[in-house]
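# Inside the fold
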Amino acid sequence: MNLHPLRPNVHCLLLTIPLAWILSPPSDGPVRAADPSQGQVSGAVAHWPRFRGPTGQGTAEVDHPPIEFDLTRGLVWRTPIAGKGWSSPVISGRQIWLTTAVTHDATEEEREKRLADVKNAKQLALAGSLELRAVCIDADSGEVIHDVLLASHADPDPIHSLNSYASPTPVIDAGRIYCHFGTFGTWCLATETGETIWMRQYVINHGVGPGSSPALHNDQLILVFDGMDQQFIVSLDKASGEENWKTYRPPFRVDDPDRQKSYSTPMLINVEGVDQAVIAGAQWIVAYAPESGEEIWRVDHGSGFSLGVTPIYTDGQVIFSTGFSKPTLVSISPTGRGDVTESHVRWRIDKSVPTKPSPVVVGQWVWMIDDLGILSCIRPSDGEVLWRKRVAGNYSASPLLVGDYLYVCNQDGVVTVLRADSDAEEIARNTLDTRIMASPAVIDEDLIIRSEESLMRFTRAKEP
């Protein structure tokens, strides 16, 4: 069996991004390596515009990514980032953007007062006040170009202790960056100046904080609001922020609001010439016509809720995890119309399925790593699990396929590199001594990794 990663069999809608923009003068801040790599590599990745890259599936076709690296080897720069955010960096030209939330802890008295009647209060984090920020960094120097205060909030809603107030990944387009914070608001900024062009807000109860990232389709920005109190999808005009359409989710069998919430990110695909925005949620996964918001098909996937895994599309199938409480990997043929629960579900897998890291397409196979570090290789044609192996650590970040290598970042800051072949041989284990919850990005042939307190760029270390 040969699992050499050929070009993935994926038909996703790509975003058109300019390859270079005029940047403002940088300011002091990053820790620079002694011999950083400068300039673009011919044929390498020029933009990383959304969560999990150009296709939304976490792949980059480059030849010489870094294999062995740490804070002394292969480090181009390391820039401190104030606050906390699990959003991934997005890239266009020589700009890297990310969002962050600067919080001031609530007092014990405030916690007792505000969480007295809240279910599972011990699992929640509560801020006394909150600043939402968007930060732009020069890709070559690591210097901060823009640090934009978007909003301040007193007494924000509590979030899960493993979440952040800045978990949704922005999406970047020609001259504009769209920063989404769920119930706290959505901002469109000019990338050259950092100035706000428009802002919209839809207030819902996320339960444990925001999580779903936005997606662009032509002139539309698509947002997911799967809260405990209401669940709907919204399309905004990307130029003005005006609402194009708003579609509510299908009805639930359960009345428990906690089991109606979800955090999945839209996957944009084209099936038989028809564009689809596929969005997983509690109980249902639904495909919408992105121009109108009308349902194309829906599948009742069971009792799953609080989905954080973004679907993937390969071999003519939509593949996704059903989330809590018992995650199941489900394959669906996206060719139907209406409720296709009984006719278009192809297979299910119930063992070692993630609730947070999204799967990745490796050649003609699907690989996934669950929250506890079990890596599985699946044949998508019939759902057969070809092998499983353990990779040390607990995982929230999604795996990244770069050329012939798979990168998995555990929560303790260890980046394991595996060869994307039949044996999934572990060839490097890189310790960064920092917490990692955000999925990495790629620029040129380098890795951009966000940790709990900084953003880092790593290049392949030169041979001695």
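Per chain, residue numbering runs from 1 following the sequence as it is written. With pLDDT at 70 or above as the cut-off, local features in this predicted model cover only qualifying residues; side-chain atom pairs require 80 or more to be listed or tallied, and sums for whole chains, interfaces and linings still use all residues. For the side-chain quantities, the full set of heavy atoms in the structure was used; hydrogens and water were omitted.

### Observations regarding the overall build of the protein chain
Helix numbers and strand numbers start at the N terminus; a helix is a DSSP run of H or I with at least 4 residues, a strand a run of E with at least 2. The helix and strand tally for the protein chain stands at one helix and 38 strands. Its C-alpha radius of gyration of 21 Å places the protein chain within 12% of the 23 Å reference for a compact globule of 464 residues. Judged by the C-alpha coordinates and their principal axes, the protein chain covers about 60 × 60 × 40 Å. Partly exposed describes any residue whose relative accessible area lies between the buried limit of under 20% and the exposed limit of over 50%, with all areas from a 1.4 Å probe on protein chains only and scaled to the type maximum. Every one of the 464 residues in the protein chain was classed for burial, and the buried ones make up 62%. Summarising the internal contacts of the protein chain: among those between residues at least 6 apart in sequence, 60% fall at separations of at least 24. For the area figures, the Shrake-Rupley method with a 1.4 Å probe applies, and any residue is considered shielded solely by the protein chains shown. Within the structure as shown, the protein chain displays about 17500 Å² of accessible surface, and the carbon and sulfur contribution to it stands at 47%. Both definitions apply: the radius of gyration is a C-alpha atom measure, and the globule rule equals 2.2 Å times residues to the power 0.38. Every residue pair with non-hydrogen atoms within 4.5 Å of one another is taken to be in contact.

### Comments concerning the side chain of Thr-183
Along the chain, Thr-183 falls in the loop between strand E12 (176–180) and strand E13 (186–190). On the basis of relative accessibility, which here comes to 5%, the residue Thr-183 falls in the buried class.

### Side note on the environment of Trp-284
Looking at where Trp-284 falls in the secondary structure, it is placed in strand E21 (residues 284–288). Classification of Trp-284 by relative accessible area gives buried; the value is 8%. With 147 residues separating them in the primary sequence, Trp-284 and Ile-137 have C-alpha atoms 38 Å apart. When near neighbours in sequence (up to four residues on either side) are disregarded, Trp-284 contacts Pro-250, Pro-251, Ile-279, Arg-298, Val-299, Asp-300, His-301 and Asp-339. Pairs of N or O atoms within 3.5 Å make up the polar contacts considered here, provided that, within protein, one atom can donate a hydrogen while the other can accept it, and that residues adjacent in sequence are counted only when both atoms are side-chain atoms. Separated by 2.8 Å, the side chain of Trp-284 and the backbone oxygen of Pro-251 make a polar contact.

### Some thoughts on the nonpolar core
We define a nonpolar core as any set of buried Ala, Val, Leu, Ile, Met, Phe, Trp, Tyr and Cys residues linked to one another through side-chain atoms lying within 4.5 Å. Ranked by size, the top nonpolar core spans 37 residues in total, and within it Ile-137, Tyr-407 and Ile-449 carry the most contacts. For Tyr-407, the residues in contact, after removing those within four places along its chain, are Pro-65, Pro-66, Ile-67, Phe-69, Pro-399, Leu-400, Val-402, Val-415, Thr-416, Val-417 and Leu-447.

### A few points about a negative patch on the surface
Put simply, a patch holds well-exposed residues, over 30% relative accessible area, that have no salt bridge, with like charges counted together within 9 Å and Val, Leu, Ile, Met, Phe, Trp or Tyr side chains within 5 Å. By definition here, a salt bridge exists when the distance from a side-chain nitrogen of Lys or Arg to a carboxyl oxygen of Asp or Glu is within 4 Å. Residues scored as positive are Lys and Arg, those scored as negative are Asp and Glu, and His as well as the terminal groups of each chain are ignored. Taken as the charge location is NZ of Lys, CZ of Arg, CG of Asp or CD of Glu. On the surface, a cluster of negative charge is made up of Glu-108, Glu-109, Glu-110, Glu-112 and Asp-155. One can find Glu-108 in helix H1 (residues 108–114). Taking relative accessible area as the criterion, Glu-108 reaches 55% and is therefore assigned exposed.

### A look at the sheet that holds strand E35 (residues 426–431)
Neighbouring strands of a sheet are bound in pairs by backbone hydrogen bonds; such pairs are parallel or else antiparallel. When DSSP finds at least two bridges between two strands, those strands are taken to pair. With mixed pairing, the five strands of this open sheet are ordered in space as E3-E32-E33-E34-E35. The open sheet terminates on both sides in strands that have one partner only, identified here as strand E3 (59–60) and E35. Here five bridges tie strand E34 (residues 414–419) to E35, and the two strands are oriented antiparallel to one another. Across the sheet, residue Val-414 finds its bridge partner in E35, namely Thr-431.

### Some words on the sheet that holds strand E22 (residues 295–300)
Here we have five strands laid out as an open sheet, ordered E19-E20-E21-E22-E26, and mixed in their pairing. The open sheet has two edge strands with one neighbour each: strand E19 (267–271) and strand E26 (338–339). For strand E20 (residues 274–280) and E21, the ladder comprises four bridges, and the chain directions are antiparallel. Note on E21: the bridge partner recorded for Ile-279 is Val-286.

### Some points on the packing of aromatic side chains
Describing an aromatic ring pair means giving the distance of the ring centres and the angle of the ring planes. Put simply, two rings from Phe, Tyr or Trp (the six-membered ring, in Trp's case) pair if the centres are within 6.5 Å, and we call them stacked under 30 degrees between planes, edge-to-face over 60, tilted for the rest. Applying the stated criterion to the full structure yields nine aromatic pairs. With centroids separated by 5.2 Å and ring planes inclined at 75°, the aromatic side chains of Trp-367 and Trp-387 adopt a geometry described as edge-to-face. Separated by 20 residues along the polypeptide, Trp-367 in strand E29 (residues 365–369) and Trp-387 in strand E31 (residues 384–390) bring together distant segments of the chain. Among the residues examined, Trp-367 registers a relative accessible area of 0% and is labelled buried.

### Details of the pattern of salt bridges
Overall, the coordinates contain 21 salt bridges when judged by the stated rule. Taking the shortest distance from any N to any O, the salt bridge between Glu-452 and Arg-435 comes out at 3.6 Å. Of this pair, Glu-452 sits in the loop between strand E37 (446–450) and strand E38 (454–458) while Arg-435 sits in the loop between E35 and strand E36 (441–443), and the two are 17 residues apart along the sequence. By relative accessible area, which is 29% here, Glu-452 ends up partly exposed. Its relative accessible area of 22% is what places Arg-435 among the partly exposed residues. Taken together, the salt bridges that share partners define one network made up of Arg-94, Asp-140, Asp-444, Asp-446 and Arg-457.

### Here's the deal with unusual backbone geometry
A negative phi angle characterises most non-glycine residues, just as the trans form characterises most peptide bonds. Note that the residue after Phe-324, namely Ser-325, is joined by a cis bond; omega there is 0°. When you line up the elements, Ser-325 lands in the loop between strand E24 (317–321) and strand E25 (329–332). Even without a glycine there, the phi angle at Ser-352 is positive, about 55°. Inspection of the secondary structure puts Ser-352 in the loop between strand E27 (345–349) and strand E28 (360–362). Given the relative accessible area of 16%, Ser-352 is considered buried.

### Observations regarding the side chain of Asp-371
Here Asp-371 lies in the loop between E29 and strand E30 (374–379). Looking at Asp-371, the relative accessible area reads 14%, which means it is buried. At 2.4 Å, the side chain of Asp-371 forms a polar contact with the side chain of Thr-355. Those residues in contact with Asp-371, other than ones at most four positions away along the chain, are Pro-354, Thr-355, Lys-356, Pro-357, Gly-393, Asn-394 and Tyr-395.

### Some remarks on the pairing of E31
With six bridges connecting them, E30 and E31 associate as antiparallel partners. By the bridge assignment for E31, Leu-375 is matched with Lys-389.

### Digging into the confidence of the model for the protein chain
Confidence of the predictor in every single residue is expressed as pLDDT, which spans 0 to 100. Across the protein chain, the average pLDDT comes to 90, with 90% of residues at or above 70. Note that residues 1–28 has pLDDT below 50 and, in this model, 92 contacts with residues that lie over four places away or in other chains. Overall, residues 34–43 carries pLDDT values under 50, and its contacts beyond four positions in sequence, including any with other chains, amount to 16 contacts.

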